[in-house]
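Descriptive analysis of the structure
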Amino acid sequence: MAPTEVRRGSGPGRTLPQAVPAVAALTLGLWGIDRHNSMWRDESVSYQVAHRSLGDLWGLLGNIDAVHGLYYLLMHAVFGLWDGGLVALRLPSTLATALAAAGVAAIGARLAGRRAGTLAGLVFALLPMTQHYAQEGRSYALVTAAVTWATYFLVRAMSASRARWWTAYALTLALACWLHEFAVFALVAHGLTLCRLRVPRQVWRRWGVAALSAGLSLLPLVAVSAGQADEQLTWLTRPSPSQWLQYAAIAVTGILLRQFLVRGPAAAQRGGARELTALALPLLVVPAGLLMTLSYVRPWYVDRYVLYGMAGLALLVGAALSRAVGQRHRLPPVLQALTVCVAATAAVAVLLPWALLIRSPESRKDDVVAVTHAVQRTAHHGDGVLFMPGRRREWLLSYPQVLHRLDDLALAESPAASRTLQGTELPADEIRRRILAQHRIIALSDPAGQPLDPFPREEVKRRTLGAYFEECGRTRVHGARITVYVRRGHCTQ
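Right, let's walk through the structure included here.

About the criteria used
- Residues numbered from 1 in each chain as written.
- Predicted model: local features only at pLDDT ≥ 70, side-chain atom pairs only at ≥ 80, totals over all residues.
- Heavy atoms only, no water.
- Salt bridge = Lys/Arg side-chain N within 4 Å of Asp/Glu carboxyl O.
- Buried < 20%, exposed > 50% of the residue type's maximum accessible area, 1.4 Å probe, protein only.
- Helix = DSSP H or I, 4+ residues; strand = E, 2+ residues; numbered from the N terminus.
- Axes fitted to C-alpha atoms, helices over the stretch in contact; angles between N-to-C directions.
- Parallel < 35°, antiparallel > 145°, perpendicular 65-115°, else oblique.
- Left-handed = near helix turned anticlockwise from the far one by under 90°.
- Contact = heavy atoms within 4.5 Å.
- Nonpolar A, V, L, I, M, F, W, Y, C, P; charged D, E, K, R; others polar.
- Pairing = 2+ DSSP bridges.
- Core = buried A, V, L, I, M, F, W, Y, C linked by side-chain atoms within 4.5 Å.
- 1 Å grid on protein atoms, 1.4 Å probe; cavity = no way out; pocket = protein on both sides within 12 Å on 5 of 7 lines; lining within 4 Å.
- Points joined across faces, edges and corners; volume = space filled by probe spheres on them.
- Expected span 1.5 Å × (residues − 1).

Taken as a whole, this structure holds 16 salt bridges when the rule is applied. A salt bridge links Arg35 to Glu43; the nearest nitrogen and oxygen atoms lie 2.6 Å apart. In this pair, the class of Arg35 matches that of Glu43, namely buried. For Asp408, the salt bridge identified is with Arg393, shortest N-O distance 2.7 Å. Here Arg393 lies in the loop between strand E1 (384-388) and helix H19 (394-397) and Asp408 lies in strand E2 (residues 407-408), a separation of 15 residues in the sequence. Accessibility classification places Asp408 together with Arg393 in one group, the buried group. In the salt-bridge network here, residues are joined through shared partners; they are Arg393, Asp408, Glu425, Glu458 and Lys461.

Laid out in structure tokens, this is it:
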């Protein structure tokens, strides 16, 4: 099969491969979408930033977090239409995941037939990582949906002379990059696909124009966000050996699946497998591999930044399952039924514990809602409050009715006034003076064992509390410690 002779689905069932995975992904996303009424700190950023006025939001993006600007504007519009709390926060990600599952199915059906497409879409919907971010109030599911459909448009564009497919490809990929700049690594994966398929020069030329158009549209965002990256990503480190091992395991899995698919006995199967693997394997391994390698120069790698690579894995697994199903006729009927039952049981046994964990508060680093409730139970009106470090102010920012009951001892300017995410803090000497003026202080800090920030403001908080106050109660919630400090000798606990 020539590179541009991509298979086309036909007949009344051509929409089935997209519909079934989309419904499955939507159902899984809606299942337990409130995660037992929990929210972690990154989602809290989305929630409180999206509730700012457009003027305050625009001021923030000029100062920090421009990389998420389009997503914040989208969520601002969502909350303007329906301020539905945690469900409204996560519903766009759930819908985007359903759209991405449909896109994976459409790609698989186009390249390897309807059965392969349906199975690939279902695999994508069932992947633990997919389900995790289907219920996350951040941009990553939306980026994945945009990259997936851009990839579908690329498949269509390679087999058609109509400019509309290239236009759709360029626009959708530009949208993905504006939702998160690291979607640009999908361009590299797509370029490798064209190289492996040895497409005609005309296809290369049109792809180059589309890729350049998407890249040029991103320049304003790059210009703004480049100056923000150092401050915004200081918490990241270079990829660890365990992260490289995880990446290697996924890459090897992809390579083995490719070998299984391209070594089939039928020439038609080999042709479809060649195109599918040429598309799916680079999408799986290139974006993550590039970002991890670049992170030795500038630590930027987090697996969710290249979540869209899971579409490549789902395509490979779905095509392999389709081929395995197609070979069942070689087995006696009893063994066929037994094989299906064993496979289904194994899948449930493996995936169900993951699915339950993903929908629990413990699946995230902390729980802003639990911290807020604990502070409500512990604090008295007018108590001082210290966030140690200051960025943990995020734990209360989405619940201003609780924060406003307390005296924020280190706060210089509020997040909105300072055009920052968590506000700005006073100089160390002023923080010390304000601490010493208090009788009772609530300190919110990371769990024991976490590295301590060495900045002067953080050191003065710790030193002053240690020298003049004593602990008079401590509450541990998921991802946080809440400690009550009173003047020495005055604890009545």
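Let us look at the packing of helix H5 (residues 85-112) against helix H16 (residues 310-326). Two numbers describe how H5 lies on H16: the axes approach to 10 Å, and their chain directions differ by 45 degrees. In terms of axis orientation, H5 runs oblique to H16. In the packing of H5 onto H16, the handedness of the crossing is right-handed. Facing Val104, Ile107 and Gly108 of H5, the residues of H16 in contact are Ala311, Ala314 and Leu315. Counted by class, the contact of H5 with H16 contains five nonpolar, one polar and no charged residues.

This next bit is on the environment of Gly59. For Gly59, the position within the fold is in helix H3 (residues 54-61). In this structure Gly59 comes out as buried when scored by relative accessible area, which is 10%. In the structure, Gly59 is positioned 357 residues away from Ala416 in sequence and 8.5 Å away in space, judged by C-alpha atoms.

Read across the open sheet, the five strands follow the order E2-E1-E5-E7-E6; overall the sheet is mixed. Of all strands in the sheet, those with a lone pairing partner are E2 and strand E6 (469-477), marking the two edges. Pairing geometry for E1 and strand E5 (residues 440-445), over five bridges, is parallel. Counted as the bridge partner of Gly384 is Ile441 from E5.

For the peptide bond that leads from Met388 to Pro389, omega is 10 degrees, which places it in the cis range. Residue Asp65 is not a glycine yet carries a positive backbone phi of 65 degrees. Tracing the backbone shows Asp65 in the loop between H3 and helix H4 (69-81). Its relative accessible area of 3% is what places Asp65 among the buried residues.

The tendency in soluble globular proteins is for nonpolar side chains to be buried side by side. If you look at the biggest cluster of nonpolar residues, it comprises 132 residues, and the most contacted ones within it are Tyr169, Tyr308, Val375 and Leu444. Examining the composition of this core, we find that 15 residues originate from one element, helix H8 (residues 140-159), more than from any other. Apart from residues no more than four positions distant in its own chain, Tyr169 is found in contact with Ala150, Phe153, Leu154, Leu187, His190, Trp207 and Ala210.

With that settled, consider empty space enclosed by the protein. Here the structure, examined in full by the defined rule, presents two cavities of 30 Å³ or more. As a volume, the largest cavity reaches approximately 50 Å³. Residue assignment for the lining of the largest cavity shows that the elements contributing at least two residues are helix H7 (128-134) and H8. Take the lining of the largest cavity: its biggest share by element is three residues, from H7. Counted by class, the lining of the largest cavity contains six nonpolar, three polar and no charged residues.

This part covers helix H11 (residues 201-217). With 17 residues, H11 should reach 24 Å at 1.5 Å per residue; the first-to-last C-alpha distance of 24 Å fits that figure. The inward-facing, buried residues of H11 contact H8, helix H9 (163-179) and helix H10 (185-197).

We now examine the pairing of strand E7 (residues 480-487). In the case of a regular strand, side chains alternate between the two sheet surfaces. Of all the eight residues making up E7, seven are buried; the element is thus mostly covered by neighbouring parts of the structure. Looking at chain direction, E6 and E7 are connected through seven bridges and run antiparallel. The residue of E7 that forms the bridge with Arg476 is Arg481. The turn linking E6 back onto E7 is made up of two residues, and Gly479 within it adopts a positive phi angle of 85 degrees.

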